[in-house]
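# A closer look at the structure
These are the residues of each chain, in order.
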Amino acid sequence: MKKFIKIHPQDAVAVALQPLEKGTELDTGTEKVILAADIPQGHKFALRRIGAGENVTKYGNSIGKAKEDILPGEWVHIHNVKTGLGGVLDYTFTKQETTLEQKEPAFFQGFKRSGGRAGVRNEIWIIPTVGCVNNVARAVEKKAGAYIQGSVEDIVAFTHPYGCSQMGEDQEHTRQILADFINHPNAGGVLVLGLGCENSNIDELKKYIGPYDDKRVKFLVAQECEDELEEALRLVKELADYAGQFHREPVPVSGLVVGMKCGGSDGLSGITANPAVGGFSDLLISRGGTTILTEVPEMFGAETLLMNRCENEELFGKTVELINDFKNYFTAHHQTIYENPSPGNKKGGITTLEDKSLGCTQKSGTAPVSGVLSYGEVVKHKGLNLLSAPGNDLVASTALAASGAQIVLFTTGRGTPFASPVPTVKIASNTALAERKQNWIDFNCGIMVEDATLEEVSEQLFSYVLEVASGKKVRAEEAGFHDMAIFKQGVTL
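Because the structure is a prediction, the values reported are computed rather than measured.

The next thing to look at is the overall build of the protein. The helix and strand inventory of the protein stands at 13 helices and 23 strands. Relative to its length of 493 residues, the protein is compact, with a C-alpha radius of gyration of 24 Å against a globular reference of 23 Å. A sequence separation of at least 24 residues applies to 71% of the contacts in the protein between residues at least 6 apart. Surface exposure of the protein reaches about 19600 Å², of which carbon and sulfur atoms provide 49%.

Listed below in structure tokens is the structure:
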């Protein structure tokens, strides 16, 4: 097992791949250092003298500025490094030409839907228009278990606290996200459950849904029936009968849309799990598929790497707007733009937002950026897309699913049990986590610090995702977990 890694030839620091003891002598091939302190796994140590105020380089880029002189072998972390980032910036488009070699076709076993989309699950979804009927939705979910048979795989209520007492963008966001899920291909049938007096009532929501198949989508207004539970169960039975007509069949991976997200990152996330997801993204895109990268605040400090991969000036401009709009969102609420990373990130070895962002954006691989999506917008362009959503795990993963992702890949160094509305693959950055939390983790990238290569692990992850797309349940699904969270920005009436 390797002891450390110097990621880029220009880096001033290296990362410990295992706990290293004070006094250990290390040779990078160009530098020899003796560690001046114990270095935990995932944490950094200096390879050369870094003067106070000088950029600290990792991934070939600055992750911040030294607060004081840092000597070779010293631990490099929050005690001696600070962010070098500022506020809203002006950017210049310096296009980086990048192309992917087209790979041989690949297929998964999915459910073909009208309009050319395909689902990786055949579920019945219960979508409340307003939080007031959440308990009814959950009761229907609980009592409808008898209808989970044949090709119908689950019946799930996606509850939320919104749909009324909202204004402006918040109300628009709620309506758009709910409409996205009503139209999502993983749902073989959908019951839209309304109260009747809410702002986002069924008649209003239909304007956002667009054309729909009345065999696939049913509507129920609780205030307009005598027994809403009995009526809802009758409609769910009809939906299950309809959805049961679908069966898995070969679908080209060009019909696959995969969201990419990270949370509870550690110092190995940008070295193992995130690059492996980037490798997966390239493999999928090279076969005509689509990936979506989000959590915009965790692009700060690495945004130019994405901007310069935009296919054209228009996409570059949209990416600039994507970044600066989120910075303005923070400042409008009198919040610090760079109040990141989290305590868990820091414990795992991430020092500044630049450090975190440069690791996070490894998930984008090398493909050109082909699309930039607003919150709630469904993906239109194949290839790599950027999506406007915050870093919050549940909100961002929900946004990925709403934009059309049938699966979400979630990398983590700390672990989490949460789910999203679609199969959410938990990918560990380190083997210790994968072994300790086998009930959470689906795929281990920690083997990359042992003897597995990036190419090997990316290929293994690609194969695993095709298994999930073909029906293999992830840990969160086995546990019966389903989560949904809508982005809220404004006031509540």
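This paragraph deals with helix α10 (residues 393-402). α10 sits mainly inside the fold: eight of its 10 residues count as buried. Those residues of α10 that fall on the buried side of the exposure criterion are Val-395, Ala-396, Ser-397, Thr-398, Ala-399, Leu-400, Ala-401 and Ala-402. Buried positions along α10 lie against α2 (168-182), β17 (257-262), β18 (290-293), β20 (383-387) and β21 (407-412). The N-cap residue of α10 is Asn-392: its side-chain oxygen and the backbone nitrogen of Leu-394 are 3.2 Å apart. The first or second residue beyond α10 is Gly-404, which carries a positive phi of 120°.

One open sheet accounts for three strands, arranged β6-β7-β9; its pairing is antiparallel. Bordering the open sheet on either side are β6 (55-58) and β9 (81-82), each of which pairs with just one other strand. As paired strands, strand β7 (residues 61-66) and β9 are joined by two bridges and run antiparallel to one another. Residue Lys-65 lies in a different strand from β9, and its bridge partner there is Lys-82.

Looking now at the packing of aromatic side chains. Considering all chains together, one arrives at 17 aromatic pairs under this definition. Relative to Phe-487, the ring of Phe-326 has its centre 6.2 Å away and its plane inclined at 10°; by these criteria the two rings are stacked. In this pair, Phe-326 is assigned in helix α7 (residues 313-332) and Phe-487 in the segment after α13 (475-478), connecting sequence segments 161 residues apart. Like Phe-487, Phe-326 is buried. A centroid spacing of 5.7 Å and a plane angle of 40° characterise the contact between Tyr-329 and Phe-330, whose relative ring orientation is tilted.

Okay, the packing of helix α5 (residues 273-285) against helix α12 (residues 454-469) next. Orientation of α5 relative to α12, taken along the N-to-C sense of each, is 65°, at an axis distance of 8 Å. In this structure, α5 meets α12 at a crossing whose hand is right-handed. Counted together, Pro-275, Ala-276, Val-277, Gly-279, Phe-280, Leu-283 and Leu-284 of α5 and Leu-454, Val-457, Ser-458, Glu-459, Leu-461, Phe-462 and Val-465 of α12 form the full contact between these two elements.

Every buried residue of helix α1 (residues 134-143) is listed here: Asn-134, Val-136, Ala-137 and Val-140. Considered in projection along α1, the buried side chains sweep an arc of 165° and stay on one side of the axis. Across α1 from its buried face, at more than 90 degrees, point the exposed residues Asn-135, Lys-142 and Lys-143.

The next subject is the pairing of strand β10 (residues 107-112). As paired strands, β10 and strand β16 (residues 249-252) are joined by four bridges and run antiparallel to one another. Residue pairing in the sheet places Phe-107 in a bridge with Pro-252 of β16. The sheet contact formed by β10 and strand β11 (residues 118-119) spans two bridges and is antiparallel. Counterpart to Phe-111 in the pairing with β11 is Gly-119. A loop of five residues connects β10 with β11, the two strands running antiparallel in sequence, and Gly-115 in this loop sits at a positive phi of about 85°.

Counted residue by residue, strand β12 (residues 123-128) has six buried out of six residues, so it is predominantly covered. Across the two faces of β12 the burial is the same, with Glu-123, Trp-125 and Ile-127 and Ile-124, Ile-126 and Pro-128 all buried. Direction of pairing for β12 relative to strand β14 (residues 187-194): parallel, over a ladder of six bridges. The residue bridging Pro-128 from the neighbouring strand is Leu-193, located in β14. In terms of strand pairing, β12 meets strand β13 (residues 154-157) through four bridges, oriented parallel.

Attention shifts here to the environment of Pro-9. Inspection of the secondary structure puts Pro-9 in the loop between β1 (4-5) and β2 (13-16). For Pro-9 and Ser-114, which are 105 residues apart along the polypeptide, the C-alpha to C-alpha distance reads 51 Å.

Another aspect to go through is the sheet that holds β2. Strand order in this open sheet of four strands is β1-β2-β5-β8, and the pairing throughout is antiparallel. Looking at which strands have only one partner, the edges of the open sheet turn out to be β1 and β8 (75-76). Across two bridges, strand β5 (residues 44-46) lies against β8 in antiparallel orientation. Within β8, the residue paired with Lys-44 across the bridge is Val-76.

The next point concerns the environment of Glu-153. On the secondary structure map, Glu-153 appears in the loop between α1 and β13. For Glu-153, a relative accessible area of 24% translates into the label partly exposed. For the pair Glu-153 and Arg-309, spaced 156 residues apart in sequence, the C-alpha separation works out to 40 Å. Apart from the residues within four sequence positions on either side, Glu-153 is in contact with Phe-111, Val-120, Arg-121, Asn-122, Ile-148 and Arg-248.

On to the side chain of Ser-397, then. Examined against the element boundaries, Ser-397 turns out to sit in helix α10. The contact partners of Ser-397, leaving out residues within four places of it in the chain, are Lys-261, Val-408, Phe-410, Phe-418 and Ser-420.

So, how was this worked out
Residues numbered from 1 in each chain as written. Predicted model: local features only at pLDDT ≥ 70, side-chain atom pairs only at ≥ 80, totals over all residues. Heavy atoms only, no water. Helix = DSSP H or I, 4+ residues; strand = E, 2+ residues; numbered from the N terminus. Rg over C-alpha atoms; globule rule 2.2 N^0.38 Å. Contact = heavy atoms within 4.5 Å. Areas by Shrake-Rupley, 256 points an atom, 1.4 Å probe, with all protein chains shown as cover. Buried < 20%, exposed > 50% of the residue type's maximum accessible area, 1.4 Å probe, protein only. Polar contact = N/O pair within 3.5 Å; in protein donor to acceptor, adjacent residues only side chain to side chain. Pairing = 2+ DSSP bridges. Phe/Tyr/Trp six-rings, centres within 6.5 Å; stacked < 30°, edge-to-face > 60°. Axes fitted to C-alpha atoms, helices over the stretch in contact; angles between N-to-C directions. Left-handed = near helix turned anticlockwise from the far one by under 90°. Arc of directions from axis to C-beta.

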